[in-house]
Amino acid sequence: MNKIEHIGIAVKNLKDSNELFSKLFGEPHYKVEEVKSEGVKTSFFKVGNNKIELLEATKKSSPIAKFIDKKGEGIHHIAFDVDDIKAEIKRLKKEGFKVLNDTPKKGADNKLVVFLHPKSTNGVLIELCQEIKE
Ligand SMILES: C[C@@H](C(=O)O)C(=O)SCCNC(=O)CCNC(=O)[C@H](O)C(C)(C)COP(=O)(O)OP(=O)(O)OC[C@H]1O[C@@H](n2cnc3c(N)ncnc32)[C@H](O)[C@@H]1OP(=O)(O)O
Ligand SMILES: [Co+2]
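Since the model is a prediction, treat every value here as computed from it, not as a measurement.

1. Quick word on the environment of Asp83
Among the structural elements, Asp83 can be located in the loop between β5 (74-81) and α3 (85-94). With 18 residues separating them in the primary sequence, Asp83 and Asn101 have C-alpha atoms 18 Å apart. Discounting residues that sit within four places of it in the chain, Asp83 has contacts with Asn2 and Gln130. Side-chain polar atoms of Asp83 contact the side chain of Asn2, separated by 3.1 Å.

Now the structure itself:
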């Protein structure tokens, strides 16, 4: 794994949270992207070399809606950048981690993504991201 790609924060209202985090960072978000397959609307902030993803649920069955119902708003996942996502899936499965999707799926910001179940990672939902190259 190369580095933290982004940290995902679950929010109830993306518009309100965009304002709040713009004040916090002193800079507005640089993009908004809906990922229908995940039931989320996301916005991204750059903080130095780091990226923060805010996530609002777009439907009741969204993982973000469920998370907020159970735990409230807050840090939802940590995403790590990888070069070869398929090789990482294979390696991590061998190590006993519970990979939630065997086939990488299209995430936000031009990435292929895979999630590891938080029950296999000390309660932290982990996302792996590989940049999609043309
Ligand atoms: C667009 C994109 C991108 O960056 O490109 C994204 O990030 S999309 C981000 C949104 N997409 C995802 O999160 C996809 C991967 N997530 C999932 O498949 C799901 O959310 C699961 C992680 C499998 C949980 O789903 P499930 O239906 O089992 O929910 P559940 O509410 O019954 O939760 C089962 C147990 O996991 C815990 N749990 C659920 N979500 C959690 C989270 N984010 N961090 C830590 N623990 C979590 C619950 O509290 C519960 O624990 P207890 O049993 O102790 O009560
Ligand atoms: Co994410």
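2. Description of unusual backbone geometry
Here Asp109, not a glycine, exhibits a phi torsion of approximately 60 degrees, which is positive. Position of Asp109 relative to the elements: it lies in the loop between β6 (105-106) and β7 (111-116). Classification of Asp109 by relative accessible area gives buried; the value is 14%. Despite not being glycine, Asn110 has its phi angle at roughly 65 degrees, a positive value. Positionally, Asn110 belongs in the loop between β6 and β7.

3. Remarks on the pairing of strand β2 (residues 31-35)
Where β2 lies against strand β3 (residues 40-47), five bridges are found, and the strand directions are antiparallel. Paired with Glu34 across the two strands is Lys41, which belongs to β3. In this structure, the hairpin formed by β2 and β3 is closed by a connection of four residues, where Gly39 is found at a positive phi of approximately 65 degrees.

4. Details of the coordination of the cobalt ion (ligand 2)
Distances from the cobalt ion (ligand 2) to its protein donors, His6 (NE2), Glu53 (OE), His77 (NE2) and Glu127 (OE), fall within 2.1 to 2.2 Å. Coordination of the cobalt ion (ligand 2) draws on donor residues from a single chain, spaced H-x46-E-x23-H-x49-E in sequence. One end of the pair, His77, is in strand β5; the other, Glu127, is in strand β8 (residues 126-131), with 50 residues separating them in the sequence. A relative accessible area of 3% means that His77 is categorised as buried.

The rules behind each value
Residues numbered from 1 in each chain as written. Chains lettered and ligands numbered in written order. Predicted model: local features only at pLDDT ≥ 70, side-chain atom pairs only at ≥ 80, totals over all residues. Heavy atoms only, no water. Helix = DSSP H or I, 4+ residues; strand = E, 2+ residues; numbered from the N terminus. Contact = heavy atoms within 4.5 Å. Polar contact = N/O pair within 3.5 Å; in protein donor to acceptor, adjacent residues only side chain to side chain. Buried < 20%, exposed > 50% of the residue type's maximum accessible area, 1.4 Å probe, protein only. Pairing = 2+ DSSP bridges. Donors = N, O, S within 2.8 Å, 3.2 Å for Na, K, Ca; no water.

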